[in-house]
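Listed below are the residues making up each chain.
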Amino acid sequence: MNIGDSLIAGGSISLKEINQDYFLQTEIAEVKCYVLVVADGLGSFHYSEVASEFVCKKFLEAIEKLENVKDIDLVNIFEEVQIELKKKYEEEIPEDDRIKNAYGTTLISCIETLDDFIIGYVGNGGIFHIRGDFNNFPERFYLPWNSINLLNPHSKEEEGKNAMYKFLSPNGHPEQIIPSVIRLTKDRFGSGDIIMICTDGIYSYDEVKIGKDPNGKIWISGETAMELFYKHLKLFFKKEDYNNDNLKESIQDYLGELKSKKLLDDDATLSLLISSTALNYQKSLTQMNEEDK
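Below: a short report on this structure. What you see is a predicted model; the values in this text were computed from it and never measured.

With 33 residues, the main nonpolar core has Ile202, Phe229 and Ile274 as its most contacted residues. Counting only elements with at least two residues in this core, the list comes to β1 (7–13), β6 (126–131), β11 (193–198), α3 (224–239), α4 (244–260), β14 (268–274) and α5 (276–292). Ignoring any residue separated from it by four or fewer positions in sequence, one finds Phe229 in contact with Ile130, Met196, Tyr254, Leu270 and Leu272. Counting residues in each nonpolar core, the second largest holds 31 residues, with Phe78, Val81, Leu107 and Ile111 among its members.

Attention shifts here to the packing of α3 against α4. Axis separation between α3 and α4 bottoms out at 9 Å; the angle between their running directions is 150°. Between α3 and α4, the angle is such that the two are roughly antiparallel. Crossing handedness for the pair α3 and α4: right-handed. Counting all contacts with α3, which are made through Ala225, Met226, Leu228, Phe229, Lys231, His232, Phe236 and Lys239, the residues of α4 involved are Asn246, Leu247, Glu249, Ser250, Asp253, Tyr254, Glu257 and Leu258. For the contact of α3 with α4, the per-class residue count stands at eight nonpolar, three polar and five charged.

Within the secondary structure layout, Lys166 lies in the loop between β9 (161–164) and β10 (180–185). Classification of Lys166 by relative accessible area gives buried; the value is 16%. Along the chain, Lys166 and Asn146 lie 20 residues apart, while their C-alpha atoms are 28 Å from each other. Polar side-chain contacts of Lys166 include one of 2.8 Å to the backbone oxygen of Ile178.

Attention now moves to the pairing of strand β3 (residues 33–40). Among the eight residues of β3, eight are classified as buried, and the element is accordingly described as predominantly covered. Of the two faces of β3, the one lined by Cys33, Val35, Val37 and Ala39 and the one lined by Tyr34, Leu36, Val38 and Asp40 are each fully buried. The sheet contact formed by strand β2 (residues 21–28) and β3 spans eight bridges and is antiparallel. Across the sheet, residue Phe23 finds its bridge partner in β3, namely Val38. In sequence, β2 turns back onto β3 through a hairpin of four residues, with Lys32 there showing a positive phi of about 60°. Inspection of the sheet shows β3 paired to strand β4 (residues 107–112) by five bridges, in the antiparallel sense. Residue Leu36 lies in a different strand from β4, and its bridge partner there is Cys110.

A few words on the pairing of β6. Among the six residues of β6, five are classified as buried, and the element is accordingly described as predominantly covered. The pairing of β6 with β11 spans six bridges and is classified as antiparallel. Paired with His129 across the bridge in β11 is Ile195. Both β6 and strand β7 (residues 147–149) contribute to a ladder of three bridges, which runs antiparallel. What sits directly across from His129, in β7, is Ile148.

Cut-offs applied
- Residues numbered from 1 in each chain as written.
- Predicted model: local features only at pLDDT ≥ 70, side-chain atom pairs only at ≥ 80, totals over all residues.
- Heavy atoms only, no water.
- Core = buried A, V, L, I, M, F, W, Y, C linked by side-chain atoms within 4.5 Å.
- Buried < 20%, exposed > 50% of the residue type's maximum accessible area, 1.4 Å probe, protein only.
- Helix = DSSP H or I, 4+ residues; strand = E, 2+ residues; numbered from the N terminus.
- Contact = heavy atoms within 4.5 Å.
- Axes fitted to C-alpha atoms, helices over the stretch in contact; angles between N-to-C directions.
- Parallel < 35°, antiparallel > 145°, perpendicular 65-115°, else oblique.
- Left-handed = near helix turned anticlockwise from the far one by under 90°.
- Nonpolar A, V, L, I, M, F, W, Y, C, P; charged D, E, K, R; others polar.
- Polar contact = N/O pair within 3.5 Å; in protein donor to acceptor, adjacent residues only side chain to side chain.
- Pairing = 2+ DSSP bridges.

Written as structure tokens, this is what we have:
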């Protein structure tokens, strides 16, 4: 398997003049890995759009400096990014103008290596691990059960709202910047893996509606934004021309539909990776369908 065979793309949309989200994705050939990063500047913090862009770029720089993918330590990398953010803040903001709530942002990262995905995050949002055969369900299944959100939000309830207790900022305490780290072994002999990371404008479990029906049974809302995401991912695979540009176009179509259906109440950003095994699986489905005609 070649690490260079995966597809990556991303996109972002906002209803505001300033989009406080940021994202990047790239292959780092020297380290033999792909990297996805998404950051959501905290709305209650000044200059949070500056912070979200800065931490994404600094995260990539930290990976690029490594000599080997085995050297990746996300706890150290998040600490390095926070130190650089603090330096930037102190260099750009005069001491008399500094305030506590400035340059605050979440950060979600995913690194694909030859054998696994190394995932780290602080804050909220979504990290979806999707099996490559997610589109094999009959139409009566509105959401595939083989797509799972791995992100447990770093937020707590305060006066009915979700308040973040882990995020990156110049004034963050050491415990605030320690990421949750997940190591996910690749499905190399089945239908493969698809990873989607996103800000809470698309999905976050601390914003999912949960209630009870008239009989007292608990229900958890299936989010329309995710239903539309699977729809557009299915459409991408139906095109049969698999490349990064077409994947980016599919993401833009998805974000555009969120906007046209008035499903946006915040900046919405995602970055997506389709592994080579998942691509090969989808190609085999296309071939079988053609043979059955």
